[in-house]
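Structural description and commentary
In case you want the letters, here they are:
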Amino acid sequence: MTADSEKDIKYLKAIGRVVALALKKMMKDAKPGMTTAELDHIGKEFLEKEGAKSAPQAMYKFPGATCISISPVIAHGIPTDRILREGELINIDVSAEMDGYFADTGGSMVVSKRVPELEKLLEATRSALAKAVHIAIAGQPLNIIGKTIQQEANQNGFNVIYDLTGHGIGHKLHEEPSEVFNYYKSKDRRILAEGLVLAIEPFLTAGKGHVVEQKDGWSLQTIDKTIAAQFEHTIIVTKNEPIILTLIKDID
Ligand code: CO
Ligand code: CO
């Protein structure tokens, strides 16, 4: 959607803050010995308490309130009775709707441990997102986002996952522009318009950069079972710095 009123901005900020706080809480609470269903429940309760509805559940009948993926699964992991273990790389993705507005955020982390090899991947992915967000300015080509993400991935010795993209968002979870590629597509002529609401989500991997769907019909795993990470923000494009709806500055 294009956010073109104070009302749009106010409501987008409200749902952005809710999903960001839910993700933050889940990342803080993720501990060894806990099941992914238990962790999902924490996210679900938080969203409900705030008056928000899980977007994947409402829109796609996803079997969970949030997506929790254990490496080498990198997206759409279903919460189950699988227990988290120390040192595991996981991804949590939270998207929700409130008052007809949607926001989407995600992040990867290692459970209760510092693993240098994994920290390097997390840092590169975080940095790719930060750079892509700051370059998403009205009037710029949309493909500058993918170009920036791919450059940052490659400079750090990683690949992007070609099959997974960011997307427009706002009145639905996924809307136009439907594919915000994480790599440079020279033929993509789309231009970033002022007010455009976008979910930018770089996926970086140590492997070749493709995923395959698992038997459960949801989970997407890297094809070569290599590590992968994702961070995601929902933003509103402006003539200057974007409004990052899912960034929480006032707490930590
Ligand atoms: Co997401
Ligand atoms: Co998304």
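Presented here is an overview of the structure given in this document. Per-chain numbering applies: the sequence of each chain, read as written, is numbered from 1 onward. Labels are handed out in written order, letters beginning with A for the chains and numbers beginning with 1 for the ligands. Per-residue local features of the predicted model are confined to residues with pLDDT of at least 70, and side-chain atom pairs are confined, for both listing and counting, to 80 or more; whole-chain, interface and lining totals are unaffected and use all residues. As a rule here, side-chain values come from all non-hydrogen atoms in the structure, and water together with hydrogens is ignored.

**What to know about the overall build of the protein**
Strands here are runs of E lasting at least two residues and helices are runs of H or I lasting at least four, both read from the DSSP assignment and numbered beginning at the N terminus. Looking only at helices and strands, the protein features five helices and 15 strands. A compact globule built from 252 residues would reach a C-alpha radius of gyration of about 18 Å, and the protein, at 17 Å, matches this within 12%. Each of the 252 residues in the protein was classed as buried or not, and the buried ones make up 57%. Residue-level accessible areas treat just the shown protein chains as cover; the underlying method is Shrake-Rupley with a 1.4 Å probe. Per element, the accessible surface of the protein, about 11300 Å² overall, is 52% carbon and sulfur. Only C-alpha atoms enter the radius of gyration, while the globule expectation follows 2.2 Å times N to the 0.38, with N the number of residues. Three exposure classes are used, based on accessible area relative to the maximum for each residue type with a 1.4 Å probe and protein chains only: buried under 20%, partly exposed in between, and exposed over 50%.

**Here we look at helix α2 (residues 36–49)**
Expected helix span is taken as 1.5 Å per residue step, with the number of steps being one fewer than the number of residues. With 14 residues, α2 should cover 20 Å at 1.5 Å per step; its first-to-last C-alpha distance of 20 Å lies within 8% of that length. Residues of α2 that are buried include every one of Thr36, Leu39, Asp40, Ile42, Gly43, Phe46 and Leu47, and no others. The arc that holds every buried residue of α2, seen down its axis, measures 150°, which confines them to one face. On its buried face, α2 is in contact with α1 (6–29), β1 (53–54), β2 (67–70) and β4 (89–98). Think of it as the arc spanned by the lines of direction from the helix axis to the C-beta atoms. It only takes one pair of heavy atoms within 4.5 Å for two residues to be counted as in contact.

**What to know about the sheet that holds strand β6 (residues 159–160)**
On the basis of which strands lie adjacent, the open sheet formed by three strands has the order β6-β10-β13 and antiparallel pairing. Where the open sheet ends on each side, the last strands, each with one partner, are β6 and β13 (228–230). Any two strands with at least two DSSP-identified bridges between them are counted as paired.

**Remarks on the sheet that holds strand β14 (residues 233–236)**
On the basis of which strands lie adjacent, the open sheet formed by five strands has the order β8-β7-β9-β14-β15 and antiparallel pairing. Of all the strands in the sheet, just β8 (175–180) and β15 (243–244) have a single pairing partner and so form its edges. Here strand β7 (residues 166–168) runs beside strand β9 (residues 197–200); their pairing, made up of two bridges, is antiparallel. Within β9, the position partnered with histidine 167 by the bridge is alanine 199.

**Focus on the pairing of β9**
Residue alternation in β9 divides its side chains into two sets, Val197 and Ala199 and Leu198 and Ile200, and both sets are buried. In the sheet, β9 pairs with β14 via four bridges, with the strands oriented antiparallel. Pairing of leucine 198 across the sheet is with isoleucine 235, part of β14.

**Considerations on the coordination of the cobalt ion (ligand 1)**
In an ideal tetrahedron of four donors about a metal, each angle is 109.5 degrees. In an ideal octahedron of six donors, the angles are 90 or 180 degrees. Looking at the cobalt ion (ligand 1), the protein donor atoms are Asp93 (OD), Asp93 (OD), Asp104 (OD) and Glu232 (OE), and they sit 2.0 to 2.3 Å from it. Read in sequence order, the donor residues for the cobalt ion (ligand 1) give the motif D-x10-D-x127-E. For Na, K and Ca the donor cut-off is 3.2 Å; for every other metal, N, O and S atoms count as donors within 2.8 Å. Water does not enter the count, which can leave sites looking incomplete. Separating the cobalt ion (ligand 1) and the cobalt ion (ligand 2) is a distance of 3.2 Å, and aspartate 104 donates to both of them. A residue pair is termed long-range when its members are at least 10 positions apart, and aspartate 104 in strand β5 (residues 101–110) and glutamate 232 in the loop between β13 and β14 qualify at 128 residues. Neither residue differs from the other here; aspartate 104 and glutamate 232 are each classed as buried.

**Brief notes about the pattern of salt bridges**
The term salt bridge refers to a side-chain nitrogen of Lys or Arg lying within 4 Å of a carboxyl oxygen of Asp or Glu. Using the criterion set out here, one finds 10 salt bridges in the structure. Residue arginine 85 is joined to glutamate 88 by a salt bridge in which the shortest nitrogen-to-oxygen separation is 3.3 Å. Among the ionic pairs, glutamate 152 bridges to lysine 131, the shortest N-O distance being 3.0 Å. Taken together, the positions of glutamate 152 in helix α5 (residues 143–155) and lysine 131 in helix α4 (residues 116–135) put the pair 21 residues apart, joining distant regions of the chain. In this structure lysine 131 comes out as partly exposed when scored by relative accessible area, which is 43%.

**Here we look at the nonpolar core**
The nonpolar core is taken to be a set of buried Ala, Val, Leu, Ile, Met, Phe, Trp, Tyr and Cys residues, with the residues joined through side-chain atoms within 4.5 Å. Within the largest apolar cluster, 39 residues are counted, with the highest numbers of intra-cluster contacts made by Leu12, Ile15, Leu39, Ile90, Val94 and Val197. Only α1, α2, β2, β4, β5 and β9 provide two or more residues apiece to this core. Broken down by element, this core gets its largest block of residues, nine residues, from α1. The residues touching valine 94, leaving out its near neighbours within four places in the chain, are Val19, Ala22, Leu23, Met26, Leu47, Thr66, Ala103, Asp104 and Thr105.

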